[in-house]
Amino acid sequence: MKRNLYVGGIFVAVLIALGVGSVVLQKRAVVHAAGGSQAPRFEVDPMWPKPLPNHWLMGNTIGVSVDSKDHIWIIHRQGSLEAMEDYGVANPPGAKRQRGKVESECCEPAPPVLEFDEAGNLLASWGGQDGDGYVWPASNHGITVDYKGNVWIGGNGRTKTDANAPAVGRGRGAAVPGQAPPEEQAGTARGRAPGGPPLYHDSMIMKFTQDGKFLMKIGTAGQSHGSNDIENLGLPAKIFVDPKANEVYVADGYGNKRVIVFDADSGKFKRYWGAYGHKPDDINLGPYSPDQPVAQQFRNPVHCADLSNDGLLYVCDRVNDRIQVFKADGTFVKEKILYKNTLGDGAVWDIAFSKDPQQKYIYLADGANEQVHILDRESLEVLTSFGDGGRQPGEFYAVHSIATDSKGNLFTTETYRGQRLQKFIYKGLAPVTKQEQGVLWPGKKS
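Here the structure is a predicted model, which means the values were calculated and not measured.

**Section: the nonpolar core**
Phase 1 of the analysis: Membership of the largest hydrophobic core comes to 18 residues, with the highest contact counts inside it found for Phe-42, Tyr-363, Ile-374, Phe-386, Ile-402, Leu-410 and Phe-424.
Phase 2 of the analysis: Those elements giving two or more residues to this core turn out to be strand 1 (38–44), strand 21 (361–366), strand 22 (371–376), strand 23 (382–386) and strand 24 (399–404).
Phase 3 of the analysis: Sequence-distant contacts of Phe-42, defined by excluding residues within four places in its chain, comprise Tyr-363, Ile-374, Phe-386, Gly-408, Leu-410, Phe-424, Ile-425, Tyr-426, Lys-427 and Leu-440.

**A look at the sheet that holds strand 24**
Phase 1 of the analysis: What the four strands build is an open sheet, ordered 1-26-25-24; its pairing is antiparallel. On the outer flanks of this sheet lie strand 1 and strand 24, each paired with one strand and no other. The mean angle between the axes of side-by-side strands here comes to 30°, regardless of whether they run parallel or antiparallel.
Phase 2 of the analysis: As judged from the five bridges shared by strand 24 and strand 25 (residues 410–414), these two strands associate in the antiparallel manner. Residue pairing across strands places Ile-402 opposite Thr-412, the latter belonging to strand 25.

**A look at the sheet that holds strand 18 (residues 322–327)**
Phase 1 of the analysis: The four strands lie next to each other as 16-17-18-19, forming an open sheet whose pairing is antiparallel. This sheet does not close on itself; its edge strands, each paired only once, are strand 16 (302–307) and strand 19 (332–337). Direction aside, neighbouring strands of the sheet carry axes that sit 20° apart on average.
Phase 2 of the analysis: In terms of strand pairing, strand 17 (residues 312–317) meets strand 18 through six bridges, oriented antiparallel. When the sheet's bridge partners are listed, Cys-316 is paired in strand 18 with Ile-323.

**Structural notes on unusual backbone geometry**
Phase 1 of the analysis: Asp-252 connects to Gly-253 through a cis peptide bond whose omega is 5°.
Phase 2 of the analysis: With respect to the helices and strands, the residue Gly-253 is situated in the loop between strand 13 (247–252) and strand 14 (258–263).
Phase 3 of the analysis: Put simply, Asn-300 and Pro-301 share a cis peptide bond, and its omega is 0°.
Phase 4 of the analysis: Take Pro-301: it is sitting in the loop between strand 15 (269–273) and strand 16.

Calculation notes
- Residues numbered from 1 in each chain as written.
- Predicted model: local features only at pLDDT ≥ 70, side-chain atom pairs only at ≥ 80, totals over all residues.
- Heavy atoms only, no water.
- Core = buried A, V, L, I, M, F, W, Y, C linked by side-chain atoms within 4.5 Å.
- Buried < 20%, exposed > 50% of the residue type's maximum accessible area, 1.4 Å probe, protein only.
- Helix = DSSP H or I, 4+ residues; strand = E, 2+ residues; numbered from the N terminus.
- Contact = heavy atoms within 4.5 Å.
- Pairing = 2+ DSSP bridges.
- Axes fitted to C-alpha atoms, helices over the stretch in contact; angles between N-to-C directions.

Written as structure tokens, this is what we have:
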């Protein structure tokens, strides 16, 4: 009996020691994180931006950019409003439903391109119609204000009759990995090149002045010929303009599976490549599965292509849940798979760099997991994340695009029924103590 009591006592003591040791290790881990790892800290501004005038509403908001004056530009889809959101207009722009009469005093879609100042005031609005020398995209996608102040837009509409048609909500159609997500399934292509890929309508990108004057287009509507066509695009998702070389990088896109580069003034073709720097092809890879070997080609959509200050290009291979990094000439450098079990729309939607000279951090918009992840740019490891699913300030419903201003503030847009622009105020660097920060409500300790 004494022996059993003695053994039992030793056992209890060991358990206590293990418990204490575990607590100590956890505390040490937190201390280590606090002492050795820092990340930018933010809080949402729930009062930004200010309400739009004229009973205007935003639809799927699928692009954001910040210019040299710290003005915030967004682009949205007018025709994606639900039926009861645009009763104030007889024939809603781009909508398939045409009433022929006004049914109430409220509301109507805002023009697709909107410019805000730092205080959240609407400064300018334009776009949505065909003009002299250009055809407006069937489905707006992406906006970039370059270092000269020019405004670039892309599109991912398959037919002109889609005309920014309403997105398929997630409750009414699940995403099929390896295909364009429901957000983008606005229709089918209008035809097919002989023996080739579909002739998508949005085969171009366009450049405008800040007051909406047309300057240039690259590509011709309805003339896409696949991922090895150097004259046209294939549902381009996002544009980045390199101020050093004056080159346009296009994440191309929802139809094609590549990055392609042009001269920003002349539109002359420079170079292109697919995943790992390979020549791209248009073979359907089938649904993404985390259990399969990594794909040797991009899946649609190739959703971003952003160049860092030190000349590295970061490409969002959205449905494959990965970032691939290249030199500016297309030489593959490395990749990082993130949240690899994310199916459907994928985890890697858009990125922005922190505003320190070294661009030490990457902000990654993840519209499937409803978060913004803060990554160490060198290692591509996730340091911490914030956000959660929902409609309140600081929450997300399909966070789609992300940008930073000169002060380090973050701006995000949301597609599907999210339909909004949010601002997250930069609060400086802080020790990393939580990997999941949740909703960054003002005054909350992260």
